[in-house]
2 protein chains.
Amino acid sequence: MNNQSHLNDLFEFLRIPSISTDSAHRDDMQRCASWLAAKFTAIGLQPQIHQTPGHPIVTARNAHKTGRPTVLIYGHYDVQPVDPLNLWHSNPFEPKLENGIITARGATDNKGQILAHILGVQEYLAANGELPLNVIFLIEGEEEIGSPHLVPFLREHQRELACDIVAISDTGMLEPGKGTMTYGLRGIACLEITVSGPDKDLHSGIYGGAITNPLTAISRLIATLHDANGKVAISGFYDDVAELEQWEREAWAKLPMKDADILNLTGSPSLAPEKGYSALECTWGRPTAELNGIYGGYQGEGSKTVIPSAAHAKISFRLVPSQDPDNILSLAEQHLQKHCPPGVTLTVTKGHSGAAYRLDPNIGFGKAAQRALSLAFPGKDPALVREGGSIPIVADFKKILGVDTLLLGLALPDARIHSPNETFTVENFEGGIRLNQILLQELAKQ
Amino acid sequence: MNNQSHLNDLFEFLRIPSISTDSAHRDDMQRCASWLAAKFTAIGLQPQIHQTPGHPIVTARNAHKTGRPTVLIYGHYDVQPVDPLNLWHSNPFEPKLENGIITARGATDNKGQILAHILGVQEYLAANGELPLNVIFLIEGEEEIGSPHLVPFLREHQRELACDIVAISDTGMLEPGKGTMTYGLRGIACLEITVSGPDKDLHSGIYGGAITNPLTAISRLIATLHDANGKVAISGFYDDVAELEQWEREAWAKLPMKDADILNLTGSPSLAPEKGYSALECTWGRPTAELNGIYGGYQGEGSKTVIPSAAHAKISFRLVPSQDPDNILSLAEQHLQKHCPPGVTLTVTKGHSGAAYRLDPNIGFGKAAQRALSLAFPGKDPALVREGGSIPIVADFKKILGVDTLLLGLALPDARIHSPNETFTVENFEGGIRLNQILLQELAKQ
């Protein structure tokens with residue numbers, strides 16, 4: 001393996017300031033897509049740059065043959081903005097290598113990880129002359145801004161993108177050297193509520209006591225969302241929840257991530273998991289109703305004795321298999337309307353949603369991925385984890401292409417993705433290249 | 001009575017843009033104080049302009065004689081800002097007289113009302129050559145910014161300001177031609193609470209379910225402030241509440257202000273008075289716990305799935321006799337600490353407070369004021385009302401000077417004080433001048 005050449009590739013890739021949200025970098029986005037296309041050409045794959053109303057999507061493929069599986073490898077070449085720039089200890093677009101740690105914007109998220117896939121293919125071809133299966137790369141430039149043009153692209157190119165499995169390296173790795181497979185993600189369902197009272201802000205001295213205060217009403221309404229034990233009190237909310245399986249509870253209990261670590265990472269006064277579950281189980285495998293924002297009335301310094309006309313709250317539900325997001329939003333709306341205090345009116349606005357995702361890690365491709373993790377990161381058993389967050393594209397792959405996704409992340413807990421001084425270790429870069437070579441071999445066996 | 005000359009005086013007074021909160025008007029404040037002093041000199045009183053660290057206070061007095069009562073007449077010459085200026089139909093500082101209605105900033109609040117007092121003295125002197133009692137005018141220029149220098153002034157000039165009763169025209173008049181005496185005001189006690197959870201904002205996907213969400217916690221905490229009937233649920237809150245007297249409930253029931261009017265004025269979906277009380281009784285004579293503001297987490301468009309580090313609320317209590325503001329704040333703090341959900345910490349910051357005020361309207365000076373109202377506004381029985389708001393200076397007069405206050409307001413419900421197109425009717429201006437002549441006579445009889 002030519003380590004210096006790989007690092008040179010990564011540094012070139014990282015030097016392109018491909019900030020998708022900033023229109024000043026529009027040309028850099030094109031340049032980054034061209035860089036990828038050139039790299040694919042150089043290693044013998046057929047690239048194509050697809051313009052979209054936003055930033056281009058790059059695809060690449062080897063010569064496909066019938067009778068062997070097709071893997072679609074997804075990633076993104078766009079990066080998060082870099083502000084606040086003054087918190088960076090070096091130029092975010094001039095990669096710094098020190099003590100085996102690469103510091104640059106996009107180092108882990110996602111340039112380092114997607115390049116490890118590409119270089120895995122390069123190394124495999126260098127060693128074997130030919131890939132053992134059909135490969136499609138799909139690399140977008142709008143992941144950090146919500147992938148607005150990816151779903152239409154999937155629908156439009158459904159036939160060219162037909163595959164048997166998707167592989168993504170864009171999730172977490174529990175600790176250095178411990179291969180990590182994320183086989184489940186929570187879903188999400190969002191809504192906003194507005195509680196309206198008087199038709200204008202009122203003086204709380206003149207009218208206080210005569211009418212319902214929207215702030216009091218919204219608080220009382222929110223308080224009905226959970227019971228005294230912290231369980232969601234919406235009727236029917238848990239009806240479709242798939243219980244955690246015994247094997248996963250046992251496996252998770254053995255992971256290096258303990259409840260004490262979660263307490264420490266959150267800086268919360270104490271943990272408050274659902275009764276009967278560990279904090280880790282709650283974040284990975286139990287549904288929630290969370291307030292994400294609440295506001296109304298006076299927020300400035302001191303006091304202003306007003307009864308505001310309205311109060312607002314943003315609520316999101318994290319969902320687990322087999323909860324249906326639309327059903328949950330309907331149940332929530334019914335609950336809120338039923339419990340809205342008298343004297344105010346309630347408006348519920350449904351927001352975006354996406355179902356939870358869970359792959360049986362012991363299907364053939366799952367076993368193949370676990371073998372690849374074991375071989376690429378020997379010495380530690382691969383971790384089988386779920387994550388509490390949501391990756392909508394995974395559900396889209398399932399819905400549009402009809403395939404499952406292997407999430408084989410290389411992002412260490414201290415990689416500072418989305419923050420100043422983002423890092424990627426050379427160890428994980430090289431491990432990722434190794435992993436992706438082996439993964440091709442193992443997936444080909446299915 | 002020289003009506004045109006009085007209107008000329010009022011228009012001169014109104015033309016001075018004495019906006020206390022705006023430092024650009026500092027010279028106008030001095031000019032306004034000088035205008036008052038000149039007016040007092042012109043009618044034969046001895047004025048004095050007292051500089052303060054803020055805007056000057058103007059006092060004036062006649063030649064005091066022993067053996068007769070002393071009335072202190074309080075008012076203010078500063079006015080509210082005028083923005084949004086584009087909502088004014090005429091220049092706020094160029095008074096417009098149309099159909100008996102004067103439109104200008106400060107027309108009712110408080111230039112028209114305090115000038116009616118001054119012109120009452122002028123008319124009395126013109127008719128009788130001498131006042132029947134000792135008069136002290138005390139006119140400040142910082143009422144609209146919280147009277148920061150008035151209490152120190154009262155303390156410093158306690159001896160010169162010694163009096164038997166205070167008279168103020170700065171409250172409401174129920175309807176045209178109905179003399180109105182406000183004999184009670186609610187008190188106030190403010191506090192802010194902060195509910196703190198994690199030491200930084202967290203991703204609700206990654207950590208949701210493991211910890212207590214401060215927004216949920218603050219909502220549940222606020223929900224404990226009232227019982228299911230809307231009564232304040234703080235233990236001991238009602239212990240010192242003086243019940244409404246039968247005579248006042250009967251008198252208020254006969255007033256032109258009905259619950260339907262309150263519903264209409266607030267634009268609320270419905271009224272929510274305390275059980276056993278009318279909405280009017282609740283606003284004038286019952287204590288409340290009101291939320292004035294609440295905030296935490298994401299408030300922008302769409303959703304951001306965050307568990308915020310903290311949530312905040314501003315709470316104020318409206319108090320009635322004989323609740324003690326300090327005691328109420330202590331009871332509230334105890335209640336909040338006791339009911340704070342686990343997993344978060346609570347900080348309570350006490351704010352400003354002031355006791356409720358209630359004058360027995362049938363003491364001698366009260367009877368005198370009622371007689372003056374009857375004589376000045378014949379045809380309708382004077383209204384005896386309380387108000388739901390707080391006027392801290394009234395409690396300060398009681399505390400520092402040891403005297404009661406007669407609140408004889410001329411502000412009609414549609415006077416638009418603090419709003420664009422503030423008005424004062426010529427009828428109320430002339431009625432006020434008439435009232436204040438008679439008031440001098442009636443108070444002198446005590």
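### A few points about the sheet that holds strand S9 (residues 187-196) of chain B
With antiparallel pairing, the 8 strands of this open sheet are ordered in space as S14(A)-S9(A)-S13(A)-S11(A)-S11(B)-S13(B)-S9(B)-S14(B). With partners counted over all chains shown, the strands left at the sheet margins are strand S14 (345-354) of chain A together with strand S14 (345-354) of chain B, one partner each. When the angles between neighbouring strand axes are averaged without regard to direction, this sheet yields 20°. As defined by bridge partners, strand S11 (residues 288-297) of chain B adjoins strand S13 (residues 310-319) of chain B across 7 bridges and the pair is classed as antiparallel. Bridging from a neighbouring strand, Leu-291 of chain B pairs with Ile-315 of chain B of S13 of chain B.

### What about the sheet that holds strand S18 (residues 423-425) of chain B?
All names here are of chain B. The strand order across the open sheet built from 3 strands is S4-S5-S18, with neighbouring strands paired in antiparallel fashion. Each having just a single partner strand, strand S4 (96-98) and S18 make up the two edges of the open sheet. Neighbouring strand axes in the sheet, compared pairwise and without regard to direction, differ in orientation by 25° on average. Sheet contacts for helix H3 (residues 107-128): strand S5 (101-103) and S18; angle to S18, the most-contacted strand, approximately 40°. The strands touched by helix H13 (residues 426-444) within the sheet are S5 and S18, with S18 carrying the most contacts at an inclination of about 60°.

### Some details on the pairing of S9 of chain B
Residues and elements named next belong to chain B. Of all 10 residues making up S9, 8 are buried, and the element is well covered by its neighbours. Relative to S13, S9 is paired through 10 bridges, and the arrangement is antiparallel. Within the sheet, the bridge partner assigned to Ile-193 lies in S13 and is Ala-313. In this sheet, S14 lies alongside S9 in antiparallel orientation, the contact comprising 8 bridges.

### Some points on the relation of the copies chain A and chain B
Relating one copy of the chain to the other takes a rotation about an axis and a shift parallel to that axis. Each copy superposes on the other: chain A lies on chain B with an RMSD of 0.1 Å after a rotation of 180° and an axial shift of 0.2 Å. Taken together, the rotation and translation relating the two chain copies correspond to the operation of a two-fold axis. Both copies share a contact surface, since 99% of the interface residues of chain A are interface residues in chain B too.

### A look at helix H12 (residues 392-401) of chain A
Residue and element names in this part refer to chain A. Buried residues of H12: Ile-393, Val-394, Phe-397 and Leu-401, and no others. The buried residues of H12 all sit within an arc of 110° when viewed along its axis, so they share a single face. Of the surrounding elements, those touching the buried residues of H12 are strand S3 (70-76), helix H4 (150-156), strand S7 (165-168), strand S8 (180-185), strand S15 (357-358) and strand S17 (404-407). Within two residues after H12, Gly-402 carries a phi angle of roughly 75°, on the positive side.

### Some thoughts on the domain arrangement of chain A
Domain annotation for chain A reports domain 1 (3-185 + 356-444), domain 2 (187-241 + 287-353) and domain 3 (256-284). The interface of domain 1 of chain A with domain 2 of chain A comprises 4 residues on the first partner and 7 residues on the second.

### Quick word on the environment of Asp-170 of chain A
Its place among the elements puts Asp-170 of chain A in the loop between S7 and S8. Along the chain, Asp-170 of chain A and His-76 of chain A lie 94 residues apart, while their C-alpha atoms are 9.0 Å from each other.

### Here we look at H13 of chain B
Residue and element names in this part refer to chain B. Taking 1.5 Å as the rise per residue, H13 with 19 residues should run 27 Å; its terminal C-alpha atoms sit 27 Å apart, in good agreement. Residues of H13 that are buried: Asn-428, Phe-429, Gly-431, Gly-432, Ile-433, Leu-435, Asn-436, Gln-437, Leu-439, Leu-440, Glu-442 and Leu-443. Each element contacted by the buried residues of H13 is listed here: helix H1 (3-15), strand S3 (70-76), H3, strand S7 (165-168), helix H11 (364-376) and S18.

### Section: the interface of chain A and chain B
By convention, interface size is frequently given as the accessible area that disappears when the constituent parts associate. Contacts between the two partners involve 69 residues from chain A, matched on the other side by 69 residues from chain B. No other element matches strand S11 (residues 288-297) of chain A, which puts 9 residues into the side of chain A that touches chain B. Pairing geometry for S11 of chain A and S11 of chain B, over 5 bridges, is antiparallel. Among the inter-strand pairings, Tyr-295 of chain A is bridged to a residue of S11 of chain B, identified as Tyr-295 of chain B.

What counts as what
Residues numbered from 1 in each chain as written. Chains lettered and ligands numbered in written order. Predicted model: local features only at pLDDT ≥ 70, side-chain atom pairs only at ≥ 80, totals over all residues. Pairing = 2+ DSSP bridges. Helix = DSSP H or I, 4+ residues; strand = E, 2+ residues; numbered from the N terminus. Axes fitted to C-alpha atoms, helices over the stretch in contact; angles between N-to-C directions. Contact = placed C-beta atoms within 7 Å. Buried ≥ 20, exposed ≤ 12 C-beta atoms within 10 Å, placed from the backbone. Least-squares fit on C-alpha atoms with pLDDT ≥ 70 in both. Arc of directions from axis to C-beta. Domains from an automatic or database assignment. Expected span 1.5 Å × (residues − 1).

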